[in-house]
Amino acid sequence: MTKWEYATLPLIIHATKQILDQWGEDGWELVTVIAGPDGNAPVAYLKRPKQ
């Protein structure tokens, strides 16, 4: 059974693609994006297999 580690990441609107691309290169998979606690800045939830 795969064990996962998780991360939450606030996204900066003008750099969303670059941020997600970098995390993807590090092995993270995007699970979902939801509005942040202030209702403005989105927050990304990511996962990757534990090593």
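The shown structure was predicted, so the numbers you read here are calculated from the model rather than taken from an experiment.

Focus on the packing of aromatic side chains
Counting across every chain of the model gives one aromatic pair. Above the ring of Trp-4, the side-chain terminus of Lys-47 is found at 4.1 Å from the ring centroid.

A closer look at the nonpolar core
Judged by nonpolar contacts, Ala-7, Leu-9, Leu-11, Ala-15, Ile-19, Trp-28, Ala-44 and Leu-46 together constitute the single largest core of eight residues. When residues of this core are traced back to their parent elements, those giving at least two are strand E1 (4-10) and strand E3 (42-49). If sequence neighbours within four positions are ignored, Ala-7 has contacts with Trp-23, Trp-28, Ala-44, Tyr-45 and Leu-46.

About the thresholds
- Residues numbered from 1 in each chain as written.
- Predicted model: local features only at pLDDT ≥ 70, side-chain atom pairs only at ≥ 80, totals over all residues.
- Heavy atoms only, no water.
- Phe/Tyr/Trp six-rings, centres within 6.5 Å; stacked < 30°, edge-to-face > 60°.
- Lys NZ or Arg CZ within 6 Å of the ring centre and 35° of its normal.
- Core = buried A, V, L, I, M, F, W, Y, C linked by side-chain atoms within 4.5 Å.
- Buried < 20%, exposed > 50% of the residue type's maximum accessible area, 1.4 Å probe, protein only.
- Helix = DSSP H or I, 4+ residues; strand = E, 2+ residues; numbered from the N terminus.
- Contact = heavy atoms within 4.5 Å.

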